[in-house]
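Chain and residue survey
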Amino acid sequence: MTFDDRLLEIRRSLEASGFALAVALHDGAHFIEKPNPVTVLTGFRSLGPAAAVMDRAGAVTLVVTPRWDAERAAQACPGVRIVPADDVVEGLAVALGSAGGSAAVGVAGLSALPCRLARRVKELLPDAQAADDIVFAATLRKTDDELAHAREATRIAELGFRRLLEIARPDMTEDALAAELRWHSRSLGADDNFALMCAGPHNRAVAPSNGRPMQAGDIIVCELTPSYRGQLAQICRTMVLGEASPLLRQKYALVVAAMEAGFAAAQPGAAMRDVCAAIDAVLEAEGYGEYCHPPHIRRRGHGLGFASSRPGDVALDNDTVLAPDMLFMIHPNQYLPETGYLLCGEPAVMTPEGARPLTAQQAALAEIPV
Amino acid sequence: MRTMHPTLLIGPADWTPDRLPAEEYSRRLAQLWADHPRAGGAIVHGDPREHGALAYLTHFTPKLEPALALLSKSGEARLLVGGGATMIGAARPLTFIKDLAPLRDPGAAVAEWTRGLPVGAEIVLINGDAMTSSTFDAVQTALRGRSVIDGDGQLAARMRVKSAHELALIRAACAMLSEGVAALREAFRRGNGVSDCILQAEHALLEKGAQDVRSLFSLDGGRTLQPFEELVARRVDPLAAYLAVRHDGYWVDTFCSLQSRPDRLTDHAQAVLDAVIADVHPGVDPATLPRRSEALRGSFGPHPVTGVCTARSVGLSLDDEPASGRRPSAVGEVHALHVGLTDASHGTFASAIVAVTAHGSELLWSSRSHHA
């Protein structure tokens, strides 16, 4: 699937919906969990709040703030009409022109906006209705470019993990390690990195790093999630500062087995919930059923943005039927009372033969000599 | 100044009482209640992008998800942290507030909190406009029957005037910035490519313990600026770049215009900036500083990124709008001043950070001493 193929699908959905226009909105805060419908329609990641408008003929207009970023937008989005603006809602009014007041408008991304922006969009388009599905339904499968970028992001993540093993040491703070890892991924071409990591003798979860100096015996858990050209890919890894105990090795092997069960269940035609159930089953069989639910765990993986996080979470309430070219994380990421939280996960791309990891090397418990 | 916002805030953000003691926060809270004498409490929203007010009152930087501070005038403060109960441990070092809880249902949490406040007491809402609509509506519903005051304007005025502790942090941030620019200049002098120059500068700042670093750069002689999107190996001369560094919450930033040959445009930009700096003194309206620079630009054009000159209050947010409206500068305010000029083929910049003092101003940072 190409970017243009996807736009054509969105255009067809727009035609079928009865809306004359689809308006996509994003505030420019590029959070891993916040899909970006503007990027879906244009391929562009903005510095400030942005909007994109698609009409039934497939013509796309991009409202870009700040105004001075318009030239970058024009280069990134050939064929798209660019409206430079210092205020995204004023720019949207310009983009809509006379059509805005009378046309049936579907809006994507409104609920994620800061309310001061959402309020003004509603004033501008009082009859607009939520239409996130029109934009995002076509993003279940990644484009060829997105998959290529995910592969590169994965390569960078694996090099980042190697770097982590080289530099992590007692007395280094979590913050310093996380900052170095993000910088390292940037030096390899990543435009961002959701480098969520922490350390401790018994982690309750993976959390943002803080100023705690790491100590010998700590278990480091990390999600390295570089973005390459706007496409995220993630690896979830666990390592020990020092020698791992036999118990930790045994429990990590269990989590790896759970992940392998998830991969085996991820077949075309299966539902996403089946992947979650397969992972849960391995852990439940070992007596960890009560840890297979919140607050210990709420999902066994997730889609990978920034543009779209479809096909969504690897969770029991996700009925999405798996198909080739879908991209998502499979990560058991389990809290176990004996060891604490353990991270283990790979980015998976669906093929006609089932899910395949993008990584060259599967998660294994690592030891860092101290 | 807008830069590409990162998906996760990474960097040292723990509360360090040596640098910002508890008394500093007690003073800030006392000012808040003095500004709102009929208030019984305040609700302060912060998220990874917009959390200047939250950081000012609690020191907390929400690295991952939004947070909500419930500040009682006569009771203990409570901080609700996004991400669930397992995030509390990681959040605890980032604030002096002892009572931390997961931010699950903001409406229910606010309703429970208001029950403990005096009947009839007003509630100050700060940064509420940055909440999503669903959170804002839930909070408003929970506050039904209470008088709710928008506290943004008065708090912003308080935040503009820096204490001695804040000035010390800003000076330290400026010293860091010098390290970053020196690394940028050295990489440029060696003939390195654009990305490598930027990466060297960023790394120097991170090694100095920066809380956050942002950058922009130009591939077309300073005519436009762009964020880091992919590696660019080629060298450019002149190199225009923007660097921002955060230290214990406080952002300082500069534009850099590096070139291997003397450049009349950059000299002129620096001269305009010098004239603007000379105008900084107590009582000056910062919004007038850019206007005065307009007359000095000569035949050169205003740069699209900065205009001829932009003045922004230095503080806990990088995205704040430039100064506007009419208000006199007070002693203790710190302004970031950026001059940008263009000619037919390229653009250039000059930057300074200036503190307003009782006797005029003090230059905390100048791009003049960092030109290649």
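Residues numbered from 1 in each chain as written. Chains lettered and ligands numbered in written order. Predicted model: local features only at pLDDT ≥ 70, side-chain atom pairs only at ≥ 80, totals over all residues. Heavy atoms only, no water.

So, about the overall build of chain A. The number of helices and strands found in chain A is 11 helices and 18 strands. The principal-axis extent of the C-alpha atoms belonging to chain A is close to 70 × 40 × 35 Å. Looking at chain A as a whole, 61% of its 370 residues qualify as buried. Taking as baseline every contact in chain A between residues at least 6 positions apart, the subset at least 24 positions apart corresponds to 66%. Just so you have it, chain A exposes about 13,200 Å², and 51% of that area is on carbon and sulfur atoms. (Helix = DSSP H or I, 4+ residues; strand = E, 2+ residues; numbered from the N terminus. Buried < 20%, exposed > 50% of the residue type's maximum accessible area, 1.4 Å probe, protein only. Contact = heavy atoms within 4.5 Å. Areas by Shrake-Rupley, 256 points an atom, 1.4 Å probe, with all protein chains shown as cover.)

So, on to the overall build of chain B. Across its full length, chain B holds 10 helices and 14 strands. Whereas a compact globule of 372 residues would reach a radius of gyration of roughly 21 Å, chain B reaches 22 Å, a difference of no more than 12%. Seen along its three principal axes, the alpha-carbon backbone of chain B occupies a region of about 70 × 45 × 35 Å. Counting the 372 residues in chain B, one finds 61% classified as buried. Restricting to contacts in chain B with at least 6 residues of sequence separation, those with at least 24 account for 68%. (Rg over C-alpha atoms; globule rule 2.2 N^0.38 Å.)

Time to look at unusual backbone geometry. Look at the link from Gly305 of chain A to Phe306 of chain A: it is a cis peptide, with omega at 15°. Among the secondary structure elements, Phe306 of chain A is positioned in the loop between α11 (272–285) and β13 (327–330). For the bond from Asp237 of chain B to Pro238 of chain B, the omega torsion is 10°, close enough to zero to count as cis. Looking at the secondary structure, you find Pro238 of chain B in the loop between β7 (212–217) and β8 (239–247). The residue Asp325 of chain A is not glycine, and still its phi comes out positive at about 80°. Despite not being glycine, Asp248 of chain B has its phi angle at roughly 45°, a positive value. Looking at where Asp248 of chain B falls in the secondary structure, it is placed in the loop between β8 and β9 (250–258).

So, about the side chain of Arg146 of chain B. Residue and element names in this part refer to chain B. Along the chain, the position of Arg146 falls in the loop between α5 (133–142) and β6 (148–150). Put simply, Arg146 is tucked away with no salt bridge, and the nearest opposite charge, on Glu122, sits 9.9 Å away. Residues contacting Arg146, with those up to four places away along its chain left out, are Thr114, Leu117, Pro118, Val119, Gly120, Ala121 and Ile123. (Lys, Arg positive; Asp, Glu negative; His and termini not counted. Salt bridge = Lys/Arg side-chain N within 4 Å of Asp/Glu carboxyl O.)

This brings us to the sheet that holds β13 of chain A. All names here are of chain A. On the basis of which strands lie adjacent, the open sheet formed by three strands has the order β13-β16-β17 and antiparallel pairing. Lying at the two open borders of the sheet, with one neighbouring strand each, are β13 and β17 (354–357). The mean inter-strand angle of the sheet, taken between neighbouring strand axes irrespective of direction, is 40°. In the sheet, β13 pairs with strand β16 (residues 346–351) via four bridges, with the strands oriented antiparallel. Its bridge partner being in β16, Ile330 is matched across the sheet by Glu346. (Pairing = 2+ DSSP bridges. Axes fitted to C-alpha atoms, helices over the stretch in contact; angles between N-to-C directions.)

Residues and elements named next belong to chain B. Counting across every chain of the model gives 48 salt bridges over all chains. Among the salt bridges present, the one from Arg327 reaches Glu333, with a minimum N-O distance of 3.2 Å. Per residue, the accessibility class of Arg327 equals that of Glu333, and both read buried.

Of the residues lining the interface, 54 residues belong to chain A; the matching set on chain B comes to 50 residues. Approximately 4,200 Å² of surface area, both sides summed, lies buried where chain A meets chain B, with 58% of it carried by carbon and sulfur atoms. Of all residues in chain A, Trp68, Trp183 and Arg186 of chain A bury the most surface against chain B, accounting for 18% of the area lost on that side. Our count for the chain A to chain B interface comes out at seven salt bridges. With a shortest N-O distance of 2.7 Å, Arg72 of chain A and Glu229 of chain B are connected by a salt bridge. Summed over the shared surface of chain A and chain B, the result is 22 residue pairs in polar contact (both at pLDDT 80 or more). Broken down by secondary-structure element, the contributors of at least two residues to the side of chain A that touches chain B are α3 (70–76), α6 (115–124), α9 (174–187) and β7 (192–193) of chain A. (Buried area = accessible area lost by both parts, 1.4 Å probe. Polar contact = N/O pair within 3.5 Å; in protein donor to acceptor, adjacent residues only side chain to side chain.)

Another aspect to go through is the packing of aromatic side chains. What the rule picks out here adds up to eight aromatic pairs over all chains. Here Tyr291 of chain A and Tyr335 of chain A contribute two aromatic rings whose centre-to-centre distance is 5.7 Å and whose plane-to-plane angle is 55°, an arrangement assigned as tilted. Within this pair, whereas Tyr291 of chain A is found in the loop between α11 and β13, its partner Tyr335 of chain A is found in strand β14 (residues 334–336), the two being separated by 44 residues in sequence. Across this residue pair, the class does not change: Tyr291 of chain A and Tyr335 of chain A are buried. Seen from their ring centres, Phe255 of chain B and Phe349 of chain B are 4.3 Å apart, and the 15° between their planes marks the pair as stacked. (Phe/Tyr/Trp six-rings, centres within 6.5 Å; stacked < 30°, edge-to-face > 60°.)

Residues and elements named next belong to chain A. Counted residue by residue, strand β2 (residues 50–55) has five buried out of six residues, so it is predominantly covered. As judged from the six bridges shared by strand β1 (residues 21–26) and β2, these two strands associate in the antiparallel manner. In the strand pairing of β2, His26 is matched with Ala50. Alignment of β2 against strand β3 (residues 60–64), held across five bridges, turns out to be antiparallel.

Bringing the domain arrangement of chain B into the picture now. All names here are of chain B. Looking at the assigned domains, one finds that chain B contains domain 1 (22–159) and domain 2 (164–370). Distance between the C-alpha centres of domain 1 and domain 2: 33 Å. Between domain 1 and domain 2 lies a buried interface of about 690 Å² when both sides are counted; carbon and sulfur atoms form 38% of it. Counting across the domain 1 and domain 2 interface gives two salt bridges. In this structure, the connection of domain 1 to domain 2 is made through five residue pairs in polar contact (both at pLDDT 80 or more). Counting residues per element, the ones that place at least two in the side of domain 1 that touches domain 2 are α1 (22–35) and α2 (52–58). Broken down by class, the residue content of the side of domain 1 that touches domain 2 amounts to three nonpolar, four polar and four charged. (Domains from an automatic or database assignment. Nonpolar A, V, L, I, M, F, W, Y, C, P; charged D, E, K, R; others polar.)

Residues and elements named next belong to chain B. Strand order in the open sheet formed by three strands is β7-β8-β9, with antiparallel pairing between adjacent strands. Both outer strands of the open sheet, β7 and β9, are each paired with one neighbouring strand and no more. Across the sheet, the mean angle separating the axes of adjacent strands is 15° when strand polarity is ignored. Across six bridges, β7 lies against β8 in antiparallel orientation. From the neighbouring strand, Val213 faces β8, where its bridge partner is Val245. With respect to the sheet, helix α7 (residues 164–189) is in contact with β8 and β9, its orientation differing from that of β9 by roughly 30°.

Turning our attention to the environment of Gly221 of chain B. All names here are of chain B. On the secondary structure map, Gly221 appears in the loop between β7 and β8. Considering only alpha carbons, one finds Gly221 and His346, 125 residues apart in sequence, at a separation of 5.0 Å. Setting aside residues no more than four positions away along its own chain, Gly221 makes contact with Pro238, His346 and Gly347.

All names here are of chain B. Looking at the element boundaries, Ser351 is found in strand β13 (residues 347–357). Look at Ser351 and you get buried, because its relative accessible area is 0%. Within the structure, the side chain of Ser351 is placed 2.7 Å from the side chain of His338, a separation counted as a polar contact. When near neighbours in sequence (up to four residues on either side) are disregarded, Ser351 contacts Thr254, Phe255, Leu273, Leu337, His338, Trp365, Ser366 and Ser367.

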